[in-house]
Amino acid sequence: MVFFKKNEGPEHYEKWYCVGIMTDNGLEDEEYDVLSKRILDSVQNVTVISDLVRVEWDRDKLRALNERFGDPSLSDPWFIINEFIPEDIKKERKLLEKTHKWKRIFGLLSPIEYMEAETKAAHDFDKALFYTDDADKVIEYIIANS
């Protein structure tokens, strides 16, 4: 998960968004850079853009996501938009620390484990707002709902 802070001044948006870019096998760095740059150059209120690999996610959650959006036939990459809710990220971090209490006490929780927990919270498919395979529609959705 990559966090971007575009504006150092006060945040003037009511909503901030997370965009998951999902593919079957993950994106090459260049592909990720092109897609994320395209989105970030067009909208200012996206804080997280993640490269999501489909096989690493729960099949039931993916099935529910597809059903919720009318079983679209999408091609790679898929874009999943969620509202960025800092409290959800904090809850997931605390759950990780509670679940792995001893690892936390001895400082053995890795940054990767924290990143995985944060990604899980930022891209909760049950709370997805929009789902498409068109980057332009991602940009349109965020602009229309900001």
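Structural data are supplied above this passage.
> So what's going on with the packing of aromatic side chains? Which residues, and what values?
In the structure shown here, the tally under the stated rule is six aromatic pairs. With a centroid separation of 5.4 Å and an interplanar angle of 90°, the aromatic rings of W78 and Y131 are classed as edge-to-face. Taken together, the residues W78 in strand β4 (residues 78-83) and Y131 in strand β5 (residues 130-132) connect sequence positions 53 residues apart. A single burial state applies to W78 and to Y131, both of which are buried. Relative to F106, the ring of W102 lies with its centre 6.2 Å away and its plane at 25°, an arrangement referred to as stacked. What links up through ring pairs into an aromatic cluster is the set Y17, F130 and Y141. Sitting above the plane of the W78 ring, R54 keeps its charged end 3.7 Å from the centroid.

> Tell me about helix α3 (residues 86-99), and please be specific about residues and values.
Between its terminal C-alpha atoms α3 stretches 20 Å, which fits the 20 Å expected from 14 residues at 1.5 Å a residue. Three or more residues of α3 are buried, namely D88, I89, E92 and L96. On an axial view of α3, the arc spanned by its buried residues comes to 100°, and they lie on one face. The exposed residues of α3 that point more than 90 degrees off its buried face are K90, K91, K94 and K98. Buried positions along α3 lie against α5 (111-122).

> Mind laying out the pairing of β4, listing which residues take part and the relevant values?
Along a regular strand, successive side chains alternate from one face of the sheet to the other. With five of six residues buried, β4 is to be regarded as a mostly interior element. Bridging between strand β2 (residues 17-23) and β4 involves six bridges; their strand directions are antiparallel. If you follow G20 over to β4, its bridge partner there is I80. Here β4 runs beside β5; their pairing, made up of three bridges, is antiparallel. Its bridge partner lying in β5, I81 is registered against F130.

> Any details on the layout of surface pockets? Residues and values, ideally.
Within this model, the largest pocket holds a volume of roughly 540 Å³. As for the largest pocket, its lining consists of 23 residues, of which L52, W57, E116, T119 and K120 are closest to the centre. Mapped by element, the contributors of at least two residues to the lining of the largest pocket are α1 (29-42), β3 (46-53) and α5. Of the residues in the lining of the largest pocket, the class split is eleven nonpolar, three polar and nine charged.

> Any details on the environment of W102? Residues and values, ideally.
Within the secondary structure, W102 is located in helix α4 (residues 101-105). The class of W102 is exposed, set by a relative accessible area of 57%. Measuring from C-alpha to C-alpha, the distance between W102 and D136 comes to 45 Å, with 34 residues separating the pair along the chain.

What counts as what
- Residues numbered from 1 in each chain as written.
- Predicted model: local features only at pLDDT ≥ 70, side-chain atom pairs only at ≥ 80, totals over all residues.
- Heavy atoms only, no water.
- Phe/Tyr/Trp six-rings, centres within 6.5 Å; stacked < 30°, edge-to-face > 60°.
- Helix = DSSP H or I, 4+ residues; strand = E, 2+ residues; numbered from the N terminus.
- Buried < 20%, exposed > 50% of the residue type's maximum accessible area, 1.4 Å probe, protein only.
- Lys NZ or Arg CZ within 6 Å of the ring centre and 35° of its normal.
- Expected span 1.5 Å × (residues − 1).
- Arc of directions from axis to C-beta.
- Contact = heavy atoms within 4.5 Å.
- Pairing = 2+ DSSP bridges.
- 1 Å grid on protein atoms, 1.4 Å probe; cavity = no way out; pocket = protein on both sides within 12 Å on 5 of 7 lines; lining within 4 Å.
- Points joined across faces, edges and corners; volume = space filled by probe spheres on them.
- Nonpolar A, V, L, I, M, F, W, Y, C, P; charged D, E, K, R; others polar.

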